[in-house]
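Residues per chain are reported as follows:
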Amino acid sequence: MSNTAGQVIRCKAAVAWEAGKPLVMEEVEVAPPQANEVRLKILFTSLCHTDVYFWEAKGQAPLFPRIFGHEASGIVESVGPGVTDLQPGDHVLPVFTGECKECRHCKSEESNMCDLLRINTDRGHMLADGKSRFSINGKPIHHFLGTSTFSEYTVVHVGSVAKINPAAPLDKVCVLSCGISTGLGATLNVAKPKKGQSVAIFGLGAVGLAAAEGARISGASRIIGVDLNTKRFEEAKKFGVNEFVNPKDHDKPVQEVIAEMTDGGVDRSVECTGSVQAMISAFECVHDGWGVAVLVGVPSKDDAFKTHPVNLLNERTLKGTFFGNYKPRSDLPSVVEMYMKKELEVEKFITHHVSFSEINKAFDYMLKGESLRCIISMEG
């Protein structure tokens, strides 16, 4: 065990005190892990749009003060009672969802939506006792997605920690703990294009580009990027996208444009925008008989998906996916191995690097649309 096991650790954390206000570097106290929990030393974290969305608190009930962050890599510092498959020194990725390995979902080969540890954006405490492991002068600080990686140390449920190859560079593979795996798995695990098929990707942000990367790995011959921002097209070429469509350039629905381009529709489509109109277009642009559309983006709560039932009767398939259908503990280590074998390129997703003390710069880059992933080194 580490020499800090069982003790409160004082460390730096970037705390969000109010919605939309710059994070403040504070000294926080991090309590020891309780039953089925582990305390991690975070070495690298990156900024995902989900962090920004909840930091802005425009579409949900605000919960502050809070420590955000959920895409990260680190080392196990200590483990709580009942933890047997992790030990101090293990290299790990904390994950915003989990795998208890005991519920019906975890035991099913078809699902990764754990009953116990499924994403919960409203919960600001740990499951074991309903309390926070973070505090400042006795005042509790809320957790975020069960990870809170904008802290030098954090406490996470063991089911939300993936043990990985210790040879993997933590400053690279940290991005595999959320967005990149979500897009990659949406294509590889759910859309499953065959070699030589065509794939349309709706939305060319980090998740969409990861979906395109999955299409490239699958050997798709035509990878069509659909985005309202033409500036994204050049970057997308690095990820295998070889054709582009901007819906604003056409006076007809984009699904009709794609159908004309592809002799009746693409074989597969992956939607990564959260726009319900893009979801409808992604479904209606796939070929009848065998076309499969996969929805990844999260829509607004009042959105409704509307399409004619004949689109389903014509043997198009509509699917949704959560975290690319990966089970965090069982499957993420193999995604890391794809990177280690040079089957998956991660570096091209990383556009910026900042030190922990400059974390607000990462928010600026994302808000200006300048970054895919900004790596934040906790050492600085």
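Residues numbered from 1 in each chain as written. Predicted model: local features only at pLDDT ≥ 70, side-chain atom pairs only at ≥ 80, totals over all residues. Heavy atoms only, no water.

A.B. asks: Which residues make up the overall build of the protein chain, and what are the values?
C.D. replies: The helix and strand tally for the protein chain stands at 11 helices and 17 strands. The C-alpha atoms of the protein chain give a radius of gyration of 21 Å, which matches the 21 Å a tight globule of 380 residues would have. Taking the principal axes of the C-alpha coordinates as reference, the protein chain spans close to 65 × 40 × 40 Å. Here the protein chain, with 380 residues, has 54% of them falling under the buried criterion. In the protein chain, of all internal contacts separated by at least 6 residues, the share reaching a separation of at least 24 is 70%. Accessible area of the protein chain: about 16200 Å², with a carbon and sulfur share of 50%. In the protein chain, 41 positive and 46 negative side-chain charges are present, and the distance between their average locations comes to 2 Å. (Helix = DSSP H or I, 4+ residues; strand = E, 2+ residues; numbered from the N terminus. Rg over C-alpha atoms; globule rule 2.2 N^0.38 Å. Buried < 20%, exposed > 50% of the residue type's maximum accessible area, 1.4 Å probe, protein only. Contact = heavy atoms within 4.5 Å. Areas by Shrake-Rupley, 256 points an atom, 1.4 Å probe, with all protein chains shown as cover. Lys, Arg positive; Asp, Glu negative; His and termini not counted. Charge placed at Lys NZ, Arg CZ, Asp CG, Glu CD.)

A.B. asks: Give me the packing of helix H1 (residues 49-56) against helix H11 (residues 359-367): which residues, what numbers.
C.D. replies: Two elements in contact, H1 and H11, have axes whose closest approach is 11 Å; the angle formed by their N-to-C orientations is 95 degrees. The angle between H1 and H11 falls in the class roughly perpendicular. Only Phe 363, Met 366 and Leu 367 of H11 make contact with H1, whose side of the interface consists of His 49, Val 52, Trp 55 and Glu 56. Broken down by class, the residue content of the contact of H1 with H11 amounts to 5 nonpolar, 1 polar and 1 charged. (Axes fitted to C-alpha atoms, helices over the stretch in contact; angles between N-to-C directions. Parallel < 35°, antiparallel > 145°, perpendicular 65-115°, else oblique. Nonpolar A, V, L, I, M, F, W, Y, C, P; charged D, E, K, R; others polar.)

A.B. asks: Before we move on, can you summarise the sheet that holds strand S6 (residues 134-136) with the specific residues and values?
C.D. replies: Hydrogen bonding along the main chain pairs the strands of a sheet, whether they run parallel or antiparallel. Pairing is antiparallel across the open sheet formed by 4 strands, whose spatial order is S1-S2-S6-S7. Looking at strand neighbours, the two that pair on one side only are strand S1 (9-15) and strand S7 (139-141), the edges of this open sheet. On average, adjacent strands in this sheet sit at an angle of 50 degrees to one another, irrespective of strand direction. Note that strand S2 (residues 24-30) and S6 share 2 bridges and pair antiparallel. When the bridges of S6 are listed, Glu 29 appears paired with Ser 135. (Pairing = 2+ DSSP bridges.)

A.B. asks: Go over the packing of aromatic side chains with me, naming the residues and quoting the values.
C.D. replies: In this description, an aromatic ring pair is defined by two values, namely the gap between the centres and the angle between the planes. Counted according to the given criterion, the structure contains 12 aromatic pairs. With centroids separated by 5.2 Å and ring planes inclined at 85 degrees, the aromatic side chains of Tyr 53 and Phe 54 adopt a geometry described as edge-to-face. Judged by its relative accessible area of 11%, Phe 54 is buried. Plain terms: the ring middles of Trp 55 and Phe 363 are 4.9 Å apart, the flat faces sit at 65 degrees to each other, and that makes the pair edge-to-face. In this pair, Trp 55 sits in helix H1 while Phe 363 sits in helix H11, placing the two residues 308 residues apart along the sequence. Under the relative-accessibility criterion, Trp 55 is labelled buried at 7%. The positively charged end of Lys 348 is found above the aromatic ring belonging to Phe 239, 5.0 Å away from the centroid. (Phe/Tyr/Trp six-rings, centres within 6.5 Å; stacked < 30°, edge-to-face > 60°. Lys NZ or Arg CZ within 6 Å of the ring centre and 35° of its normal.)

A.B. asks: Which residues make up a nonpolar patch on the surface, and what are the values?
C.D. replies: A cluster of nonpolar side chains, namely Phe 305, Leu 312 and Leu 318, defines an oily patch on the protein surface of about 240 Å² accessible area. By the secondary structure assignment, Leu 312 is in helix H9 (residues 310-313). With relative accessibility at 47%, the residue Leu 312 sits in the partly exposed group. (Patch = residues over 30% accessible without salt bridge, like charges linked within 9 Å, V, L, I, M, F, W, Y side chains within 5 Å. Salt bridge = Lys/Arg side-chain N within 4 Å of Asp/Glu carboxyl O.)

A.B. asks: Summarise the packing of helix H4 (residues 179-191) against helix H10 (residues 328-340); cite the residues concerned and give the values.
C.D. replies: Contact geometry for H4 and H10: axes closest at 12 Å, N-to-C directions at 95 degrees. Judged on the interaxial angle alone, H10 and H4 are roughly perpendicular. Counting all contacts with H4, which are made through Ser 181, Leu 184 and Leu 188, the residues of H10 involved are Leu 332, Val 335 and Met 338. Considered class by class, the residues forming the contact of H4 with H10 number 5 nonpolar, 1 polar and no charged.

A.B. asks: So what about the side chain of Thr 182? Which residues, and what values?
C.D. replies: Examined against the element boundaries, Thr 182 turns out to sit in helix H4. Owing to a relative accessible area of 11%, Thr 182 belongs among the buried residues under this scheme. Aside from chain neighbours lying at most four places away, what touches Thr 182 is Val 207, Val 296, Phe 323 and Gly 324.

A.B. asks: Explain helix H8 (residues 276-284) to me, and be specific about the residues and the numbers.
C.D. replies: Burial within H8 is extensive, with 7 of its 9 residues counted as buried. Those residues of H8 that fall on the buried side of the exposure criterion are Val 276, Ala 278, Met 279, Ile 280, Ser 281, Ala 282 and Phe 283. Its buried side turned inward, H8 meets strand S10 (198-202), helix H7 (254-261), strand S13 (268-271), strand S14 (292-295), H9 and strand S15 (317-320).

A.B. asks: Give a description of the nonpolar core that names residues and reports values.
C.D. replies: Phe 150, Val 173 and Leu 176 are the most contacted members of the largest nonpolar core, which totals 100 residues. Counting residues per element, this core draws most heavily on helix H5 (residues 206-218), at 6 residues. Contacts of Leu 176, omitting those with residues within four sequence positions, involve Leu 93, Ser 181, Phe 323, Leu 332, Val 335, Val 336, Leu 344 and Val 346. Residues Phe 202, Val 226, Ile 258 and Ala 278 belong to the second largest nonpolar core, which totals 15 residues. (Core = buried A, V, L, I, M, F, W, Y, C linked by side-chain atoms within 4.5 Å.)

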